[in-house]
Amino acid sequence: MPLFQRFTLTQYLIEERRRFPGANGDFNALILDVALACKAIARAVAFGELGGVLGNHNGEAGGSVNVQGETQKKLDVISNQYFTRMNEWGGHLAGMASEEMDDAYQIPAQQPRGNYLLVFDPLDGSSNIDVNVSVGSIFSILRAPQAVIDSGRDVIEADFLQPGSKQVAAGYALYGPTTMFILTVGNGVSGFTLDPNLGEFMLTHSHMQVPADTHEFAINASNSRFWERPVKRYVDECLAGKTGPRGKDFNMRWIASMVAEAHRILMRGGVFLYPRDTKDPCKPGRLRLLYEANPIGFIMEQAGGRASTGHQPMLGVQPTSLHQRIGLVFGSKNEVERIERYHAEPASTGQDNPLFAERSLFRT
Ligand code: F6P
């Protein structure tokens, strides 16, 4: 298709804005600032070792540790700076929160403040950076509480504790063989591919839809001894293949970069599980609610898929803290609903299932 027949992200946003005659352009400008941060990160990722950006922050051996207790990579820190610096000046935000920052980030006093909150994981899957496997950035946009807008006061943690159903927009950038920017503003999901010559995100994937059925699942199976029974049952049934209760063979995938798994699922279906488990009683799940589960959940639901804790729809969860972790299941609707049904069934049903007995593939 000739270039002039394609829409840029800016043109797409202008078209979208025409649906809201009262909109003043602030929201579009915010999305473009986020996209600019993603382009800058894409460039840093692409230079890799040549750019001196690989390895741990503060030296190879120890490195500094973020609020999650995870070692920060140089690119984690650089990506966080791109996000904060490129979004703090525009006057669209009342505050920000990031995986890489313990507390809410205040818009500097000399800058104007706006109506939105930006929450992000600047570099998801960062353990993959040094081995040149796809990583990404995830973001979620919420409205600031009216009291914050009226007073212009500093933001506090409580301002961000809004369920995923309140998100105004969400998206991610995937730094893979090509850089892509996936966006929902609550009207379906659109995908843009970075044209490296123009430095523009071009609309390449309209009305993205997650197929309702799949034969592909993604889970870190090394945690199987910590899984709860409904998850064990689901995975056992997948592994049992054609001769098992599902009557079909499944494939398993694990990239260890959630944004890359989400993209595969958005493109061709599948189900992703990082469920609540018993590995570390202090951590009710591995992934974070506000800047991982909610934005990916919003995108999945907008693309006809589903996102859940296993026990309840993800977007209905009332957050209790900024860096809250949660069990996450998302992807093809019929599979996620099946996993939710397994969680809803009384425990004894699972126990009686022969797949958990002596011959079980993942024995307890
Ligand atoms: O945010 C954390 C993350 O890197 C996700 O992108 C990914 O799905 C997961 O952790 C990988 O976890 P594990 O190290 O258990 O494979």
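Residues numbered from 1 in each chain as written. Predicted model: local features only at pLDDT ≥ 70, side-chain atom pairs only at ≥ 80, totals over all residues. Heavy atoms only, no water.

Before going further, it helps to examine the sheet that holds strand β15 (residues 328-331). Sheet architecture is open: five strands sit in the order β10-β9-β11-β15-β13, paired in mixed fashion. A strand with exactly one partner marks an edge of an open sheet, and here the two such strands are β10 (251-253) and β13 (306-308). Within the sheet, the average angular offset between the axes of one strand and its neighbour, ignoring direction, is 15 degrees. In the sheet, β13 pairs with β15 via three bridges, with the strands oriented antiparallel. (Pairing = 2+ DSSP bridges. Helix = DSSP H or I, 4+ residues; strand = E, 2+ residues; numbered from the N terminus. Axes fitted to C-alpha atoms, helices over the stretch in contact; angles between N-to-C directions.)

The next point concerns the site of the ligand. The full set close to the ligand counts 13 residues, and Asn220, Trp254, Met258, Tyr274 and Glu292 are the nearest of them. Note that an oxygen atom of the ligand is positioned 2.9 Å from one of the side-chain N or O atoms of Asp124. Between the ligand and Arg288 there is a distance of 3.2 Å, counted from an oxygen atom to a side-chain nitrogen or oxygen. Alone, the ligand offers 400 Å² of accessible surface; in the complex the protein occludes 84% of this. Looking at the shell around the ligand, the elements that each hand over two or more residues are β11 (271-274) and β12 (287-288). Grouping the constituent residues of the shell around the ligand by class yields six nonpolar, three polar and four charged. (Near = heavy atom within 4 Å. Polar contact = N/O pair within 3.5 Å; in protein donor to acceptor, adjacent residues only side chain to side chain. Areas by Shrake-Rupley, 256 points an atom, 1.4 Å probe, with all protein chains shown as cover. Nonpolar A, V, L, I, M, F, W, Y, C, P; charged D, E, K, R; others polar.)

For the chain, the domain assignment lists domain 1 (3-205) and domain 2 (216-356). Between the C-alpha centres of domain 1 and domain 2 there is a distance of 25 Å. Taken over both partners, the interface formed by domain 1 and domain 2 buries close to 2900 Å², and the fraction arising from carbon and sulfur atoms is 63%. Here domain 1 and domain 2 share one salt bridge between them. (Domains from an automatic or database assignment. Buried area = accessible area lost by both parts, 1.4 Å probe. Salt bridge = Lys/Arg side-chain N within 4 Å of Asp/Glu carboxyl O.)

All right, on to the packing of helix α1 (residues 9-17) against helix α2 (residues 26-47) then. Between α1 and α2, the least distance of the axes is 10 Å, while the angle of their chain directions is 160 degrees. The angle between the axes of α1 and α2 places the two elements in the roughly antiparallel class. Of the two elements, α1 crosses α2, and the hand of that crossing is right-handed. Across the interface between the two elements, Leu9, Thr10, Leu13, Ile14 and Arg17 of α1 pack against Asn28, Ile31, Leu32 and Ala35 of α2. Within the contact of α1 with α2, the residues separate by chemical class into six nonpolar, two polar and one charged. (Parallel < 35°, antiparallel > 145°, perpendicular 65-115°, else oblique. Left-handed = near helix turned anticlockwise from the far one by under 90°. Contact = heavy atoms within 4.5 Å.)

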